[in-house]
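These are the residues of each chain, in order.
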Amino acid sequence: MHIQQLSLTNYRNYKQLSVQFDDKINVIIGENAQGKTNLMESIYVLGFSKSHRTTKDKELIQWDQNYAKIEGSIVKRNRQFPLEIQITNKGKKAKLNHLEQRRLSDYIGALNIVMFAPEDLNLVKGSPQIRRRFIDMEIGQIQPVYIYHLGQYVKILKQRNHLLKQLQKRRTDDVTMLRVLTEQMTEHAAIILEKRFLFMKHLRKWANEIHRGISRGIEDLDLQYAATAEVSESDNKEKIRITLTESFAEVETKEIERGTTLIGPHRDDVVFYVNGKNVQTYGSQGQQRTTALSLKLAEIELIYQETKDYPILLLDDVLSELDDYRQSHLLDTIEGKVQTFVSTTSVDGIHHQTLEKAEIFRIDQGKILE
Ligand SMILES: Nc1ncnc2c1ncn2[C@@H]1O[C@H](COP(=O)(O)OP(=O)(O)OP(=O)(O)O)[C@@H](O)[C@H]1O
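Note that residues are indexed from 1 along each chain, following the sequence as it is written. Local features are withheld for residues below a pLDDT of 70 in this predicted model, meaning they are given only at 70 or higher, and side-chain atom pairs are given and counted only at 80 or more; totals for whole chains, interfaces and linings count all residues.

J.: Would you mind going over helix H7 (residues 237–258) with me for this structure?
T.: A turn of α-helix holds 3.6 residues, and therefore any two residues three or four places apart point the same way. For H7, the principal kink sits at Glu-252 and spans about 55 degrees. Using C-beta atoms placed from the backbone, we call a residue buried if 20 or more other C-beta atoms fall within 10 Å of its own, exposed if 12 or fewer do, and partly exposed for counts in between. Under the DSSP-based scheme used, a helix requires at least four consecutive residues in state H or I and a strand at least two consecutive residues in state E, with every element numbered from the N terminus. Residues of H7 that are buried: Ile-240, Arg-241, Leu-244, Phe-248 and Glu-255. The inward-facing, buried residues of H7 contact helix H5 (145–168) and helix H6 (175–214). Phi turns positive one or two residues past the end of H7, at Gly-259, with a value near 75 degrees. One axis is fitted to the seven residues ending at the residue and one to the seven starting there. The bend at that residue is the angle between these axes. Contact between residues is assigned whenever the C-beta positions, reconstructed from backbone atoms, fall within 7 Å.

Given below as structure tokens:
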């Protein structure tokens, strides 16, 4: 899969841009604050309909304007189709083949993307929320129905938390309603957990293979899903549902006391181990970096396994941070198969092999210099 052409209108510091990309490696060079990340972000938004660095869509609209538009021409298995995201102050529209898609799950997955940016180091070091977002985004683009269940889960969770607050403050004693919400939420939670477990299983296999390669065979990477309920990877959906139902019954009194939902996918986490040791606690900077890179590269293979097509890879300001060996490994992994976008302030830290094959774009104040 690749992006053939991209057009931006009023997108951040791009008033108007129309650009054709190489289907292999594209290097985006520019000084600080010229629009490199903005360009990478626009490709990400085209795929996911939201940004990786803000939850406020309005920020994507150029300051003095009232709308922004991203249009892309995508080639997937020799077929070409258009994608479009339009953002206004009132909301956004996502169009696939010129048709507006009302459900996000009907849009996401048309353009698969893997992004590796400096903040991805937080995948290992940061809060559980970052790791949950990572798994949710990745499963979502492989299986869009996951997004539907996640959306429903979050909706019921909000109602349930609201009711728990009311019960805590004794403004109501409607436990029957609480149990109805618990049952509904459990249905979606069981599907979410089953899909997360399956994803973990596949991710573990690929990530370890890649990690061993990058560490020259001396490090093994393992990942474990840390659930808040007594569920495990070997459980099927029905078993997960039954266990969750029991667990919710057990914590009901405590949840009312605390006024919030204490267990479920929204509180789970993932733990990474290198040679059996928790990387978050004991790993060096280099091991944490390699772990994050292995996870990202594993995603490329996972998406390929599921969709029979390689995703687009966005490397925002990270390539020059990797040493020569890691860069070569990365490039060997993607060699000729994955359309890649690399952004950088200077070509100095970039492997000459990469530059030889690349199409180079120079960015200056929201414009591409010819
Ligand atoms: N909504 C917006 N409207 C207009 N300009 C914006 C908007 N949002 C951000 N900018 C501008 O975009 C520029 C930042 O661009 P970007 O983040 O892409 O930088 P960059 O080239 O990646 O730089 P660095 O190398 O420092 O990361 C800044 O000048 C910022 O003021």
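J.: When you look at the site of the ligand in this model, what are you seeing that I'm missing?
T.: Each residue gets a C-beta atom placed from its backbone. If that atom is within 6 Å of a molecule or strand, the residue is near it. Neighbouring the ligand are 16 residues, the closest being Asn-13, Asn-32, Lys-36, Thr-37 and Asn-38. The residue inventory of the shell around the ligand, partitioned by class, reads 3 nonpolar, 9 polar and 4 charged. Side-chain classes follow a simple rule in which Ala, Val, Leu, Ile, Met, Phe, Trp, Tyr, Cys and Pro form the nonpolar group, Asp, Glu, Lys and Arg form the charged group, and the remainder, Gly included, forms the polar group.

J.: How should the environment of His-52 be read in this particular structure?
T.: Residue placement: His-52 occurs in the loop between helix H1 (36–48) and strand S4 (67–76). C-alpha separation for the pair His-52 and Glu-41, spaced 11 residues apart in sequence, amounts to 7.1 Å. Not counting chain neighbours up to four residues away, the residues in contact with His-52 comprise Glu-41, Tyr-44, Met-115 and Ala-117.

J.: What should I look at first to understand the nonpolar core in this one?
T.: The nonpolar side chains of soluble globular proteins are, as a tendency, buried together. Nonpolar cores are built from buried Ala, Val, Leu, Ile, Met, Phe, Trp, Tyr and Cys residues. These are joined into a set through C-beta atoms within 7 Å. Residues Ile-43, Tyr-44, Ile-113, Leu-314 and Leu-315 are the most contacted members of the largest nonpolar core, which totals 92 residues. Here this core gets 11 residues from one element, more than from any other, and that element is H6. Other than its neighbours up to four places away in sequence, Ile-113 contacts Ile-43, Tyr-44, Gly-47, Phe-48, Pro-311, Ile-312 and Leu-314.

J.: Which parts of the structure should I look at to understand the domain arrangement of the chain?
T.: Quoted interface sizes are often the accessible area lost when the parts come together. Taken domain by domain, the chain holds domain 1 (1–112 + 309–370) and domain 2 (126–307). In this document the domain limits rely on a domain assignment from an automatic tool or a database. Centre-to-centre separation of domain 1 and domain 2, based on C-alpha positions: 28 Å. Counting residues at the interface gives 15 residues for domain 1 and 15 residues for domain 2. Counting only elements with at least two residues in the side of domain 1 that touches domain 2, the list comes to helix H2 (104–107) and helix H10 (324–334). Along the lines of polarity and charge, the residues of the side of domain 1 that touches domain 2 split into 8 nonpolar, 5 polar and 2 charged.

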